[in-house]
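A closer look at the structure
Here is what each chain is made of, one letter per residue.
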Amino acid sequence: MAIDIGAAEVSYLEHRGVHRGIASWVLSTDHKRIGILYLTSLLSFFAVGVLIGILMRLELIAPGETLVSARVYNSMFTLHGMIMIFLFIIPGIPAAFGNFFLPILIGAKDVAFPRLNLLSWWVYVAGATLAVLSLFSGGGAPDTGWTFYAPYSLRTGTNVTLAVFAAFVLGFSSILTGINFVTTIHRLRAPGMSWFRLPLFVWSLYATAWVQVLATPILALTLMLVMLERIVGLGLFDAARGGDPLLYQHLFWIYSHPAVYIMILPAMGVVSEIIPTFSRQKIFGYKAIAFSSLAIAFVGYLVWGHHMYTSGMSDTARWVFSLLTFLVAVPSGIKVFNWVATLYKGAIDLAPPLLYTLSFIFLFMIGGFTGLISGALATNLHIHDTAFVVGHFHYVMFGGTGFMLFAALLYWFPKMFGRMVPARPMWLAWLLMFIGFNALYFPMLILGWMGMPRRYYDYLPRFQPLNVVSTAGSWVLALGLAVFFVTLWRARRHGEIAPANPWGGSTLEWQIASPPPVENFERIPVIERGPYEYGEIPPVE
Amino acid sequence: MTALGTYVKVWLALIALTGLTVTAAGLHLGSLSVLAAILIASVKSSLVLSFFMNLRSEERVFKVMLGVAMATMAVIMLLTFVDVWYR
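Residues numbered from 1 in each chain as written. Chains lettered and ligands numbered in written order. Predicted model: local features only at pLDDT ≥ 70, side-chain atom pairs only at ≥ 80, totals over all residues. Heavy atoms only, no water.

All names here are of chain A. Within this structure, the stated rule accounts for 55 aromatic pairs over all chains. Judged by centre distance (6.0 Å) and plane angle (20°), the rings of F196 and W203 are stacked. Exposure remark for W203: the relative accessible area of 4% places this residue in the buried category. What links up through ring pairs into an aromatic cluster is the set F46, F88, Y356, Y395, F398, F403, F406, F437, Y441, F484 and F485. One Lys or Arg, R33, reaches over the ring of W25 and ends 4.3 Å from the middle of that ring. K287 extends its terminal NZ or CZ atom over the ring of F196, reaching a point 4.4 Å from the ring centre. (Phe/Tyr/Trp six-rings, centres within 6.5 Å; stacked < 30°, edge-to-face > 60°. Buried < 20%, exposed > 50% of the residue type's maximum accessible area, 1.4 Å probe, protein only. Lys NZ or Arg CZ within 6 Å of the ring centre and 35° of its normal.)

This brings us to helix α2 (residues 31–59) of chain A. Between its terminal C-alpha atoms α2 of chain A stretches 42 Å, which fits the 42 Å expected from 29 residues at 1.5 Å a residue. Where α2 of chain A begins, the side chain of D30 of chain A points an oxygen toward the backbone nitrogen of K32 of chain A, at a separation of 2.9 Å. (Helix = DSSP H or I, 4+ residues; strand = E, 2+ residues; numbered from the N terminus. Expected span 1.5 Å × (residues − 1). Polar contact = N/O pair within 3.5 Å; in protein donor to acceptor, adjacent residues only side chain to side chain.)

Another point: the interface of chain A and chain B. Listed per partner, the contact involves 21 residues of chain A and 15 residues of chain B. Counting the surface lost from both chain A and chain B, the interface buries some 1,500 Å², and carbon and sulfur atoms represent 76% of this. Our count for the chain A to chain B interface comes out at 2 salt bridges. Residues R87 of chain B and D244 of chain A are paired through a salt bridge, measuring 3.0 Å at the closest nitrogen-oxygen approach. Among the elements of the structure, α7 (160–187), α8 (200–232), α9 (245–279) and α11 (315–343) of chain A are those that each provide at least two residues to the side of chain A that touches chain B. (Contact = heavy atoms within 4.5 Å. Buried area = accessible area lost by both parts, 1.4 Å probe. Salt bridge = Lys/Arg side-chain N within 4 Å of Asp/Glu carboxyl O.)

Let us now look at unusual backbone geometry. Residue and element names in this part refer to chain A. Cis geometry is found at the peptide bond from A150 to P151, where omega equals 5°. Residue placement: P151 occurs in the loop between α5 (114–136) and α6 (152–155). Despite not being glycine, R455 has its phi angle at roughly 65°, a positive value. Note that R455 resides in the loop between α15 (423–450) and α16 (464–494). In this structure R455 comes out as partly exposed when scored by relative accessible area, which is 29%.

Turning to the packing of α2 of chain A against α16 of chain A, a few remarks are in order. All names here are of chain A. Axis separation between α2 and α16 bottoms out at 9 Å; the angle between their running directions is 155°. Considered as vectors, α2 and α16 are oriented roughly antiparallel to each other. For the pair α2 and α16, the sense of crossing is left-handed. Contacts from L43, F46, V50, I54, R57 and L58 of α2 reach α16 at N467, S470, T471, S474, W475, A478, L481 and F485. (Axes fitted to C-alpha atoms, helices over the stretch in contact; angles between N-to-C directions. Parallel < 35°, antiparallel > 145°, perpendicular 65-115°, else oblique. Left-handed = near helix turned anticlockwise from the far one by under 90°.)

When pLDDT is averaged across chain A, the result is 94; 97% of the residues are at 70 or more. Confidence, expressed as mean pLDDT per element, reaches its minimum in chain A at α6 of chain A with 90 and its maximum at α15 of chain A with 98. (pLDDT = per-residue confidence, 0-100.)

Glancing now at the confidence of the model for chain B. The predicted structure's coordinates, where accompanied by low pLDDT, should not be read in detail. Mean pLDDT for chain B: 90, with 99% of residues reaching 70 or above. When pLDDT is averaged over each helix and strand of chain B, the minimum, 90, is found for helix α3 (residues 60–86) of chain B and the maximum, 94, for helix α1 (residues 4–26) of chain B.

A word on the nonpolar core. Core analysis: the largest hydrophobic core is formed by 194 residues, its most contacted members being F97, W339, Y356, F360, W412, M416 and F484 of chain A. Once you skip the residues sitting within four places of it in the chain, Y356 of chain A turns out to touch F403, F406, A407, L410, M426, A429, W430, M433 and F484 of chain A. Listed in part, the 7 residues of the second largest apolar core include L14, L17, A24 and L47 of chain B. (Core = buried A, V, L, I, M, F, W, Y, C linked by side-chain atoms within 4.5 Å.)

Once that is clear, we can look at a nonpolar patch on the surface. All names here are of chain B. A grouping of L27, L29, L32, L35, L39, L78, V84, W85 and Y86 is seen on the molecular surface, where their side chains present a nonpolar patch of about 890 Å² in accessible area. Those elements giving two or more residues to the nonpolar patch turn out to be α2 (32–52) and α3. Sorting elements by how many residues they give to the nonpolar patch places α3 first, with 4 residues. Position of L78 relative to the elements: it lies in helix α3. (Patch = residues over 30% accessible without salt bridge, like charges linked within 9 Å, V, L, I, M, F, W, Y side chains within 5 Å. Areas by Shrake-Rupley, 256 points an atom, 1.4 Å probe, with all protein chains shown as cover.)

Residues and elements named next belong to chain A. Between its first and last C-alpha atoms α5 spans 34 Å; for 23 residues at 1.5 Å apiece the expected length is 33 Å, and the two agree. Three or more residues of α5 are buried, namely N117, L118, S120, W121, V123, Y124, G127, A128, L130, A131 and S134. G138 sits one or two positions beyond α5 and adopts a positive phi of about 55°.

Pasting the structure below:
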């Protein structure tokens, strides 16, 4: 059954609007152009974050001062965290692919508030600029870690105030995107696009948007309190003046743990799109996956205390948070089982997007299981603040969200740019990244278990062999990343022309031209089937 | 359309509740003082939302959305107090 969308008009890439040149991008309210703006910006910051990461690993290749001083190292891990979290992975998939594909997937011409959408990108750029300024002004780059824990963040001479203000501004970009997505999904679905005909990526964006709207203001307020503490000395977090330093940790993690789900939920949504397409099967357990996204978003609010087991928090709170932490593993497990069940007896095509997606499942499961070790109160006391935790969250964030961002790029690149990406170099890139990634982060799990603390530029000599492996892994990973992005860059100009539906996908984006027309659909489509009905889709050309 | 008189009454109620907050703070209720302040503030914000922001006459979906936000905040506060009360 074909969906009537009218004749194709000129693509969004070729459309000549009011503005010319760079202005046609930075002043465009087209959700697709804004998606590309976000993608370009956040990948640029990702490159900087990777570079700092490689330099940190180089410092850790041998005990003692190898490359940089302790002070510089402290600033490096703060910057690496700030860039990767606030500038890359939180906006990541929702801001880039969500902006580009959400309206198309629900049969709309744009998001509900296109100007607000453009504003969110400008706010993001403003926040990023402030973050860069904080490195070179005041007392220099902050050295507190991306968590800005009180009381140190209140006392350090480095430029914490401006860095915190940057994160404050960036939060508003996230809130604006969240408001836009919630409204768009409620109000702009095409006729017949009922809630249970929504592609699962849309469900994940919906759950994410709610977390963005509800949790981010808490971070904004918390960071504002840090600024006020530093400027006028309120004493809120100062025990000597009746304040409570643990209050800061509570407030910070009330946002920052749900933020983990802002990072991972959209990635899970992409998995739920790619697996049905490349196994040509209807997704197994549609409603279970959809509701598990909401469950993760909700339970994700209740587990922040597992970051604070060794902080001096009450014993009752510690076991309550530990119990709740175990609960959040249940909806994550539901998703993994459903994905694997979708693959079962499918006509599997191991094209690069699926290969990267399967790596996600493998790496995310290591991240998830090490998360249980970290979330269990008893074992946490052993591995708290060690390299184990660093390994764990890189498995979740990079092995999970990072690999899925790459998979999303490979999956949707033909639609976004109208060019195919050659598969061979992407298999090579995958091999390098997969080996490099595991060589880089698995030793951290072992090192942490052996007792190596995190956030030090130095370590005991007995930890050196595994640190050398880890550093060598960072080089292999970087090589893989270089192959990946150089191939994409070349494909943008020289790749084969992509057909409208190169993968035989069944969701709406594959029913329109590649790259999409300016307004997506000449006529708003009428939806009469679910998103993954492969029996009705013609085979791949 | 809400009558002007209703707005004035709500405003007076808000002022009275502000007075109650100040009074309650002076009673030294220990750990209950925070609870009292939160309860009074909840009543005040409900009044503002219902009357000044006209939530009373809005569609159900907006009330549900606000309910979700309020419930989330309530659970977050409760969990924070699980630490503070048992420390």
